[in-house]
Amino acid sequence: MKDYIIFLAQSHPQFRKAELESLADLYNIKADFSQHNKEHPFLVVQLENDEEAYNLIDRAILSRGIYELWGHGVTIDELHENVQKNMGKYIDKYIEDTTFKFENLTFQGGKKSREEQIKMYERFAYLAFKGKIKMKNPDEVFTILENYSLGKDLFPLEHPNHLWFGRQINISARSRGVVEKYDIKKRPYFGTTSFDAELSLLTGNIGQVKKNELIYDPFVGTGSFLVTAAEFGGITIGSDIEFLTLKGKGPKRRLKDNFDYYKKPLQFTDVLCMDFTNNAFRNNLKFGSIICDPPYGVREGVKVCGTTDDKLGRENIVIDGELAYLRRDYIQPKKTYSLDLLLDDLLEFSSERLDIGSRLCFWMPVANDEDIPTLIPQHKDFELIYELVQDFHKWSRRLLVYVKRGEGFNGVTVKSDDREGTNNFRDRYFHKFSEKSKVVK
Ligand SMILES: C[S@@+](CC[C@H](N)C(=O)[O-])C[C@H]1O[C@@H](n2cnc3c(N)ncnc32)[C@H](O)[C@@H]1O
């Protein structure tokens, strides 16, 4: 095993460990991330080899890069002593033909002048690399990483509190600009329900979207999770009850156009206008992962096909000799449904459509205004492996991640009846989270 250092992004730090663990599991990498600290953007891990390090970080969203660790210290002198002690293990393979450059990355550090940088790099002259320096596409990049604390005035202190030196193994999808690439506003088609690009990509990683596997979003809306799943090689399919959402905003501004824009048209299978609770997929169709953002009932209602009025939907209206409600162009009446019941349906459906080891990931809103324990939906076939919280002031959004387990696994069952009254998000949202809510079903 060798030491590697990961430079993490200081964005959504509460999701970082889950992403690393999910990517390690995806690539069959055994690694211990228990030293991860949400406050700290550097993490040392032991891995078998560079290939593992490369794969672990390649599609990461909340990491920036990974480096073979040659040495570290709390001062620059200590760093050099440590590198000189360890360099014998690494240095021999850098022959005359190996081009290289140095770089300096800091957390919270101020910008150094060119002269300061050169002075910093020249102190590593004892490494005595035989090859030439090449600024563009060198064979190797050697990186000095520095962690600075901020002073009382919120400016970085003059000296870093820790330094590391290493050889760059890979930079992440984030560092290659994937979050900006999927920025919602750059897409031909987006809407009020479109899900943040960074978190959609992250959901694809935690949901373990795999190349060439079928990824289903049952509440697809404008397709945020599908287009980012395609970035990781997923073949995508979605459904939504709202025809107008699927239809888009006119020529070149439809859901499918986003896939053309990102040059991934073959990874878009289709979207179906369908009520998820009356699902029309053939019974034995399986998915690689199911990832979604169910309707919260705030911007878009929780609706299902059906009616509370017995007379509706079976009217004796005949068009061209056919009963209207039996025609292909018949538009079903819809009735309001509850998010709690919809989540029960989602777990039940997923238990039938995912293979053992596959993941179901969805975002669930939770009101945190009252001291009521929040009960998370659970199904006997699934292990709930993460409950990751994104906190807003009076409510939070949780990313719930489940793995389908095999025979012999007897998980907990928590259905909507058990959760009654605990998470009536819609009701509380419209009552500004203040009054005790009554359950609307
Ligand atoms: C929170 S939005 C999803 C937004 C989506 N992630 C995006 O990026 O635009 C939930 C979607 O679920 C749809 N929906 C509501 N009830 C549904 C049902 N019974 N079956 C399928 N879709 C439904 C809504 O029309 C809405 O588009």
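Residues numbered from 1 in each chain as written. Predicted model: local features only at pLDDT ≥ 70, side-chain atom pairs only at ≥ 80, totals over all residues. Heavy atoms only, no water.

- As recorded by an unreviewed UniProt entry, the chain carries the name tRNA (guanine(10)-N(2))-methyltransferase and is attributed to Pichia kluyveri.

With respect to the packing of aromatic side chains
For any pair of aromatic rings, the description consists of the separation of the ring centres together with the inter-plane angle of the planes.
Logical step 1: With the rule as written, the count across this model stands at 35 aromatic pairs.
Logical step 2: Here the aromatic rings of Phe362 and Tyr402 are separated by 5.7 Å at their centres, their planes lie at 20°, and the arrangement is stacked. In this pair, Phe362 is assigned in strand β15 (residues 354-367) and Tyr402 in strand β17 (residues 395-404), connecting sequence segments 40 residues apart.
Logical step 3: Taking the relative accessible area as the measure of exposure, Tyr402 reaches 0% and is therefore buried.
Logical step 4: Note that Arg64 overlies the ring of Phe7, its terminal NZ or CZ placed 5.5 Å from the centroid.
Logical step 5: In this arrangement the basic side chain of Lys249 is found over the ring face of Phe190, its NZ or CZ atom lying 5.6 Å from the centre. (Phe/Tyr/Trp six-rings, centres within 6.5 Å; stacked < 30°, edge-to-face > 60°. Helix = DSSP H or I, 4+ residues; strand = E, 2+ residues; numbered from the N terminus. Buried < 20%, exposed > 50% of the residue type's maximum accessible area, 1.4 Å probe, protein only. Lys NZ or Arg CZ within 6 Å of the ring centre and 35° of its normal.)

Points about the site of the ligand
Logical step 1: The ligand sits among 23 residues. The nearest are Thr193, Thr222, Ser224, Asp240 and Lys303.
Logical step 2: Note that a nitrogen atom of the ligand is positioned 2.9 Å from one of the backbone N or O atoms of Phe276.
Logical step 3: When the ligand is considered free in solution it has 600 Å² of accessible area, and contact with the protein chains removes 98% of it.
Logical step 4: Those elements that place two or more of their residues in the shell around the ligand are α7 (224-231) and β11 (303-305). (Near = heavy atom within 4 Å. Polar contact = N/O pair within 3.5 Å; in protein donor to acceptor, adjacent residues only side chain to side chain. Areas by Shrake-Rupley, 256 points an atom, 1.4 Å probe, with all protein chains shown as cover.)

Some points on the sheet that holds strand β4 (residues 100-107)
Logical step 1: Reading across from one edge, β2-β1-β3-β6-β5-β4 is the order of the six strands in this open sheet, with mixed pairing throughout. Lying at the two open borders of the sheet, with one neighbouring strand each, are β2 (42-47) and β4. When strand polarity is set aside, the average angle formed by the axes of neighbouring strands in this sheet is 35°.
Logical step 2: Where strand β5 (residues 140-147) and strand β6 (residues 162-171) come together, six bridges link them in antiparallel fashion. In the strand pairing of β6, Leu145 is matched with Trp164.
Logical step 3: Set on the sheet, helix α2 (residues 50-58) makes contact with β1 (2-8), β2, β3 (63-73) and β6; between it and β6 the angle comes to about 85°.
Logical step 4: Strands β3, β5 and β6 of the sheet are contacted by helix α3 (residues 76-86), whose axis makes an angle of about 85° with β3. (Pairing = 2+ DSSP bridges. Axes fitted to C-alpha atoms, helices over the stretch in contact; angles between N-to-C directions. Contact = heavy atoms within 4.5 Å.)

A few points about the nonpolar core
Logical step 1: By size, the foremost hydrophobic cluster in this structure holds 41 residues, and its most contacted members are Phe15, Ile61, Ile206, Leu255, Trp363 and Leu399.
Logical step 2: At the level of secondary structure, the elements contributing two or more residues to this core comprise α5 (178-181), α6 (197-206), α7, α9 (255-261), β9 (268-273), β15, β16 (382-391) and β17.
Logical step 3: No fewer than three residues from each of domain 1 (2-171) and domain 2 (178-430) sit in this core.
Logical step 4: For Leu255, the contacting residues outside a window of four places in its chain are Tyr189, Val220, Gly221, Thr222, Gly223, Leu246, Phe268 and Val271.
Logical step 5: Leu285, Leu354, Leu360 and Ile376 belong to the second-largest nonpolar core, a separate cluster that totals 26 residues. (Core = buried A, V, L, I, M, F, W, Y, C linked by side-chain atoms within 4.5 Å. Domains from an automatic or database assignment.)

Some thoughts on α6
Logical step 1: Most of α6 sits out of view: ten of its ten residues are buried.
Logical step 2: Here α6 has its buried residues at Ala197, Glu198, Leu199, Ser200, Leu201, Leu202, Thr203, Gly204, Asn205 and Ile206.
Logical step 3: Where α6 starts, the residue carrying a side-chain oxygen 3.4 Å from the main-chain nitrogen of Glu198 turns out to be Asp196.

Concerning the packing of α6 against α7
The packing of two helices is summarised by the inter-axis angle and the distance between the axes.
Logical step 1: As a packed pair, α6 and α7 sit with axes 9 Å apart at the nearest point and diverge in direction by 60°. Relative to α7, α6 is oriented oblique. Helix-helix and strand crossings are classified by hand; for α6 and α7 the assignment is right-handed. Where α6 approaches α7, its residues Ala197, Ser200, Leu201 and Thr203 are matched on the opposing element by Ser224, Phe225, Thr228 and Glu231.
Logical step 2: Its residues placed into classes, the contact of α6 with α7 shows three nonpolar, four polar and one charged. (Parallel < 35°, antiparallel > 145°, perpendicular 65-115°, else oblique. Left-handed = near helix turned anticlockwise from the far one by under 90°. Nonpolar A, V, L, I, M, F, W, Y, C, P; charged D, E, K, R; others polar.)

Focus: the domain arrangement of the chain
Logical step 1: Under the domain assignment used here, the chain contains domain 1 (2-171) and domain 2 (178-430).
Logical step 2: In this structure, domain 1 and domain 2 have C-alpha centres spaced 39 Å apart.
Logical step 3: Between domain 1 and domain 2, the residue contacts involve 15 residues of the former and 20 residues of the latter.
Logical step 4: Around 1,500 Å² of area is buried between domain 1 and domain 2 when both sides are counted, 60% of it from carbon and sulfur atoms.
Logical step 5: Per-residue buried area on domain 1 facing domain 2 is highest for Phe15, Arg59 and Ile61; these three make up 43% of the total on that side.
Logical step 6: Run the count over domain 1 and domain 2 and you get one salt bridge.
Logical step 7: Here Arg359 makes a salt bridge to Asp25, at a shortest N to O gap of 3.7 Å. (Buried area = accessible area lost by both parts, 1.4 Å probe. Salt bridge = Lys/Arg side-chain N within 4 Å of Asp/Glu carboxyl O.)

Some details on the pairing of β4
Two faces, one strand: in a regular strand the side chains alternate between the faces of the sheet.
Logical step 1: Burial runs high along β4: six of the eight residues are buried.
Logical step 2: As paired elements, β4 and β5 share eight bridges and run parallel to each other. If you follow Phe100 over to β5, its bridge partner there is Glu140.
Logical step 3: Between β4 and its parallel partner β5, the chain crosses via helix α4 (residues 114-122), and the hand of that crossover is left-handed. (Right-handed = clockwise from strand over helix to strand, strands pointing away.)

What to know about the UniProt feature "domain: tRNA (guanine(10)-N(2))-methyltransferase TRMT11 N-terminal" (unreviewed entry) in the chain
Logical step 1: UniProt tags residues 2-174 as "domain: tRNA (guanine(10)-N(2))-methyltransferase TRMT11 N-terminal" (unreviewed entry).
Logical step 2: Taken as a whole, residues 2-174 contains 23% helix and 29% strand, while its terminal C-alpha atoms sit 24 Å from one another. (UniProt positions renumbered as here; feature names shortened; annotations may be inferred.)

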